[in-house]
Amino acid sequence: MYKIVSKEILNVDVELMTVEAPFVAKNAKPGNFLIVRVDENGERIPLTIVENDETSVTIIYQKLGYSTTMLSRMEVGDSLHDVVGPLGQPTHIREDAKRILGIAGGVGSAPLFPQLKEYARRGAHVDLVIGGRTKEHLILVDKYKQFCENIYYATDDGSFGTKGFVTQVAETLYQEKTYDLSIVIGPLIMMKNAYLLNKRYNIETDVSLNPIMIDGTGMCGNCRVTINGKTKFACVDGPDFPADGIDFDELMARQGYYKEQEKHICNLRLEPKK
Ligand SMILES: Cc1cc2nc3c(=O)[nH]c(=O)nc-3n(C[C@H](O)[C@H](O)[C@H](O)COP(=O)(O)OP(=O)(O)OC[C@H]3O[C@@H](n4cnc5c(N)ncnc54)[C@H](O)[C@@H]3O)c2cc1C
Ligand code: FES
């Protein structure tokens, strides 16, 4: 069993949890994810390993549907039924990239964090554009401040930083600064638009894909993505990929494939917390 050692509410939608899982913790590298099940009948939830030490891993989850709500109902001292990992390929570090712009949208700040931190640890200059619906949705800002040289903000409602999208902020930046690489993580539509913007400014883009996953080990085929006309499995070939050649439109269509069932199970099974 995997004991929850700490829990923090980051905003109304997003929470952080640190869980004892020594094997996963010892072997995790930036870019890896894990799969948790809250109980023995639970759905498998893939989540990025945001931080790890010798014995525990930290995850950050957005309460979206049934399984993440069940996860959110667990408290410090409770145990998760299982934690499988580390899964996926560690981030491919581009040795020649010395000036990096991270672009984070919403809970995408969580998977971006270990990657940018690793680039900074290796001596790269790291800037960040972080966006969210409101000021409260800008998560991990204090942690990013520990290694980012500059942080730029965008909110949908204008409650902090620029009112608008992260791509607007990035485009303004590109008038005066040069980057070798941009790592973009957030909703698919935002990753697609940021990639198209970066392409216009000749900046390489890496993204992290989160198609629906089941086994996480390359067997079910559910997480397939088309890249340059070839099928890849995000769970074993990714989840990080260069953005060039990704069929974002296909991915967006597949992402909503189970929407009706997800809504149904949520209405059916989610009784108020006792
Ligand atoms: C490699 C990877 C890393 C991820 N890291 C994070 C993270 O760090 N923080 C975070 O908040 N979320 C992360 N996600 C997404 C997270 O797994 C889903 O939000 C979660 O599974 C939703 O489950 P639910 O039952 O609460 O919601 P549901 O109502 O079942 O689904 C809501 C939406 O979540 C997505 N989703 C549902 N099930 C899965 C699944 N098995 N695999 C992937 N996506 C799914 C779909 O887009 C769906 O429409 C990651 C996904 C992947 C594949
Ligand atoms: S989740 Fe099954 S093949 Fe990737």
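None of the values given here were measured: they were computed from a predicted structure. (Residues numbered from 1 in each chain as written. Chains lettered and ligands numbered in written order. Predicted model: local features only at pLDDT ≥ 70, side-chain atom pairs only at ≥ 80, totals over all residues. Heavy atoms only, no water.)

**A word on the pairing of strand β2 (residues 14-20)**
With 6 of 7 residues buried, β2 lies mostly within the body of the structure. The hairpin turn running from strand β1 (residues 2-9) into β2, its antiparallel successor, is 4 residues long. Bridging between β2 and strand β6 (residues 56-62) involves 7 bridges; their strand directions are antiparallel. Bridge pairing links E15 to Y61 in β6. (Buried < 20%, exposed > 50% of the residue type's maximum accessible area, 1.4 Å probe, protein only. Helix = DSSP H or I, 4+ residues; strand = E, 2+ residues; numbered from the N terminus. Pairing = 2+ DSSP bridges.)

**Let's talk about the packing of helix α6 (residues 188-200) against helix α8 (residues 248-255)**
Between α6 and α8, the shortest axis-to-axis distance is 10 Å and the interhelical angle comes to 175°. The angle between α6 and α8 falls in the class roughly antiparallel. Listed contacts from α8 to L188, I189, M191, K192 and Y195 of α6 are F248, D249, L251, M252 and Q255. (Axes fitted to C-alpha atoms, helices over the stretch in contact; angles between N-to-C directions. Parallel < 35°, antiparallel > 145°, perpendicular 65-115°, else oblique. Contact = heavy atoms within 4.5 Å.)

**Focus: the pattern of salt bridges**
Counted under the stated rule, the structure contains 17 salt bridges. It is possible to trace a salt-bridge network through shared partners that takes in K7, E15, K63 and E75. (Salt bridge = Lys/Arg side-chain N within 4 Å of Asp/Glu carboxyl O.)

**Some thoughts on the domain arrangement of the protein**
For the protein, the assigned domains read domain 1 (2-87) and domain 2 (99-208). If you average the C-alpha positions of domain 1 and of domain 2, the two centres end up 24 Å apart. Across the contact, 12 residues belong to domain 1 and 14 residues belong to domain 2. Both sides of the domain 1 and domain 2 interface together cover about 1,100 Å² of buried area, and 65% of this is carbon and sulfur. Counting the surface domain 1 buries against domain 2, the share from its top three residues, P30, V50 and E51, is 36%. Among the salt bridges present, the one from K143 reaches E51, with a minimum N-O distance of 2.9 Å. (Domains from an automatic or database assignment. Buried area = accessible area lost by both parts, 1.4 Å probe.)

**Re the site of ligand 1**
Near ligand 1 lie 23 residues; those nearest to it are P46, I60, Q62, T68 and M213. Here a nitrogen atom of ligand 1 and a backbone polar atom of I60 are 2.8 Å apart. Protein contacts shield 91% of the accessible area of ligand 1, which totals 850 Å² for the unbound molecule. Contributions of two or more residues to the shell around ligand 1 are made by β4 (45-48), β6, α2 (66-72) and α9 (259-269). The biggest single contributor to the shell around ligand 1 is β4, with 4 residues. (Near = heavy atom within 4 Å. Polar contact = N/O pair within 3.5 Å; in protein donor to acceptor, adjacent residues only side chain to side chain. Areas by Shrake-Rupley, 256 points an atom, 1.4 Å probe, with all protein chains shown as cover.)

**Re the sheet that holds strand β8 (residues 82-87)**
Reading across from one edge, β4-β3-β8 is the order of the 3 strands in this open sheet, with antiparallel pairing throughout. The open sheet is flanked by β4 and β8, the only strands paired with a single partner. Mean inter-strand twist for the sheet, computed between neighbouring axes without regard to direction, equals 25°. Note: strand β3 (residues 33-37) against β8, 4 bridges, orientation antiparallel. Residue pairing in the sheet places F33 in a bridge with L87 of β8.

**Quick word on the pairing of strand β15 (residues 224-227)**
Of the two faces of β15, only one is covered, namely that formed by V225 and I227; the face formed by R224 and T226 stays uncovered. Here β15 runs beside strand β16 (residues 230-233); their pairing, made up of 4 bridges, is antiparallel. Its bridge partner being in β16, I227 is matched across the sheet by K230.

**Here we look at unusual backbone geometry**
The bulk of non-glycine residues show a negative phi, and the bulk of peptide bonds are trans. With omega at -5°, the peptide bond leading from G85 into P86 counts as cis. Within the element layout of this structure, P86 appears in strand β8. Here the amide bond leading from G238 into P239 is cis, since omega sits at 15°, within 30 degrees of zero. The residue L140 is not glycine, and still its phi comes out positive at about 70°. Within the secondary structure layout, L140 lies in the loop between β10 (125-132) and α4 (141-145). Residue L140 is classed as buried on the basis of its relative accessible area of 12%.

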